[in-house]
Amino acid sequence: MADFEAVEFSTFDGVTLRGDFFRTDGHNRPAVVLVPGLGMLKEHASGRIAAALRDAGYSVFAYDHRGYGSSDGAPRQQTDPLQQSEDLHDAVSAAARLPGVDASRMAVLGIGHGGGAALMAAACDPRVKTVIVSDPFISGRLDAPLYPPTQLLRAWSEREDVTACGPRQPLYLQCWPENYEQAHTIGRDSPLMRGNASLDRFRAFRADAHELRLSWENKITLQSLYRLARSEPRDHVPRVTCPLLYLVEMNGPSVVHKQIVSTAGGYAELNFTQSSYLLRDHTAGFHDALHKQVDFLRHHL
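What you see is a predicted model, and the numbers here were worked out from it, not measured in a lab.

**Topic: the overall build of the chain**
Along the chain, the regular secondary structure elements total 10 helices and 10 strands. Radius of gyration (C-alpha) of the chain: 18 Å, near the 19 Å computed for a compact globule of 301 residues. Here the chain holds 301 residues, and the buried ones make up 56% of them. On the chain, roughly 13,000 Å² of surface is accessible, and the fraction owed to carbon and sulfur atoms is 51%.

In structure tokens:
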């Protein structure tokens, strides 16, 4: 979407990250920091979400994770939820300084694996007054058995090789399936994510990249698996004391999500939706999720 301001900011360790600021009308308005999911760019995450929130009276700041898209950082295409949660603190600082933003009313919206980073950041950042997660990453311990066979072992072998022989170019693996066979085949060279929903998301990301002329690559570093496997966002939920809206698709593991939400340290609301933000579609379920999100923000922010 158009009508945004390009913004760059520095992380605590000196890495330059870049984002898009969608400003709503008025002064001292609440703001939402939008956190992209696994392998996503800020443009994948903003789209219709930023438009809907801005129309509802919220400024939106969507940024690229380090190593992705317009942001600096190496290695490229590396996902580390713990590092992303650290960077999110600095993104909140950057958003709070933007024109027209009320720094006392900051919200965070995390999509997919970005939801995991949002939970971890909100657990210890008193400036986050409301957190919304959509289909969040909750546990590396639960996900690791679903990784392509031997890939996590390859990640450990890569670490051993680098410590023994010195730095080298990182190894990569495919993130999303690009056809039906990849979506339903399990093997050493399988993509990290599988299933029909993952294939639909790849197609949506690819379509966005083509439409918006994004330099998007369907890959992540092999070391991302190590960093994902060690991350447990669910363990941070008891420390989330600000209001939490937890959105998941209806076909998700409801028992697991209900148990996680029940541990929240403050008010928490679990909602099941018919459609994922990751698809940026026009379905009734997508708009229903946006409506729930805006209502939640109006009530709690």
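**What to know about empty space enclosed by the protein**
Under the counting rule described, the total for this entry stands at one cavity of 30 Å³ or more. Here the largest cavity defines a volume of roughly 40 Å³. As for the largest cavity, its lining consists of P36, G37, L38, G39, M40, H65, Y68, T79, Q84, H113 and G114.

**Thoughts on the packing of aromatic side chains**
Think of a pair of aromatic rings as described by two things: how far the centres are apart, and how the planes are tilted against each other in angle. Inspection of every chain in the model, using the stated rule, returns nine aromatic pairs. A centroid spacing of 5.2 Å and a plane angle of 75° characterise the contact between W156 and Y226, whose relative ring orientation is edge-to-face. Highlighted residues: W156 in helix 5 (residues 151–165) and Y226 in helix 8 (residues 223–229), separated in sequence by 70 residues. Owing to a relative accessible area of 42%, W156 belongs among the partly exposed residues under this scheme. Here the aromatic residues W176, F202, F205 and W216 are joined through ring pairs into a cluster of three or more. Above the plane of the ring of Y226 lies R159, whose end atom (NZ or CZ) is 4.5 Å from the centre.

**Section: the sheet that holds strand 6 (residues 128–134)**
The strand order across the open sheet formed by eight strands is 1-2-4-3-5-6-9-10, and the pairing between neighbours is mixed. Two strands lie at the open edges of the sheet, namely strand 1 (5–10) and strand 10 (268–273), each paired on one side alone. Strand-to-strand twist in this sheet, taken as the mean axis angle between neighbours without regard to direction, amounts to 25°. The strands touched by helix 1 (residues 42–55) within the sheet are strand 2 (16–22), strand 3 (29–35), strand 4 (59–63) and strand 5 (101–111), with strand 2 carrying the most contacts at an inclination of about 30°. Contacts from helix 9 (residues 254–262) reach strand 9 (244–249) and strand 10 within the one sheet, and its direction differs from that of strand 10 by about 160°.

**So, helix 1**
Along its 14 residues, helix 1 runs 19 Å from first to last C-alpha, staying within 8% of the 20 Å computed at 1.5 Å per residue. Along its length, helix 1 reaches its greatest deviation from straightness, about 40°, at I49. In terms of residue burial, helix 1 counts as a mostly covered element, since 10 of its 14 residues are buried. Every buried residue belonging to helix 1 is among K42, E43, H44, A45, S46, G47, I49, A50, L53 and R54, and all of these are buried. Positive phi appears at G57, one or two residues downstream of helix 1, with a value of about 105°.

**Digging into the environment of H65**
Mapped onto the elements, H65 comes out in the loop between strand 4 and helix 2 (81–96). Spatially, the C-alpha atoms of H65 and Q259 are 29 Å apart, while their sequence positions differ by 194 residues. Residue contacts for H65: discarding those within four places in its chain leaves L17, V35, P36, S71 and Q84.

**Section: the layout of surface pockets**
Counted as a void, the second largest pocket has a volume near 220 Å³. At the level of secondary structure, the elements contributing two or more residues to the lining of the second largest pocket comprise helix 5 and helix 8. For the lining of the second largest pocket, the leading source of residues is helix 5, giving four residues.

**Some thoughts on the pattern of salt bridges**
Going through the model one piece at a time under the given rule, you end up with 17 salt bridges. Of the charged contacts in the structure, one is a salt bridge between D288 and K292, with a shortest N-O distance of 3.1 Å. Pair noted here: D288 and K292 are both in helix 10 (residues 284–300), with a separation of four residues, about one helical turn.

Calculation notes
- Residues numbered from 1 in each chain as written.
- Predicted model: local features only at pLDDT ≥ 70, side-chain atom pairs only at ≥ 80, totals over all residues.
- Heavy atoms only, no water.
- Helix = DSSP H or I, 4+ residues; strand = E, 2+ residues; numbered from the N terminus.
- Rg over C-alpha atoms; globule rule 2.2 N^0.38 Å.
- Buried < 20%, exposed > 50% of the residue type's maximum accessible area, 1.4 Å probe, protein only.
- Areas by Shrake-Rupley, 256 points an atom, 1.4 Å probe, with all protein chains shown as cover.
- 1 Å grid on protein atoms, 1.4 Å probe; cavity = no way out; pocket = protein on both sides within 12 Å on 5 of 7 lines; lining within 4 Å.
- Points joined across faces, edges and corners; volume = space filled by probe spheres on them.
- Phe/Tyr/Trp six-rings, centres within 6.5 Å; stacked < 30°, edge-to-face > 60°.
- Lys NZ or Arg CZ within 6 Å of the ring centre and 35° of its normal.
- Pairing = 2+ DSSP bridges.
- Axes fitted to C-alpha atoms, helices over the stretch in contact; angles between N-to-C directions.
- Contact = heavy atoms within 4.5 Å.
- Expected span 1.5 Å × (residues − 1).
- Bend = angle between axes of the 7 residues up to and from the residue.
- Salt bridge = Lys/Arg side-chain N within 4 Å of Asp/Glu carboxyl O.

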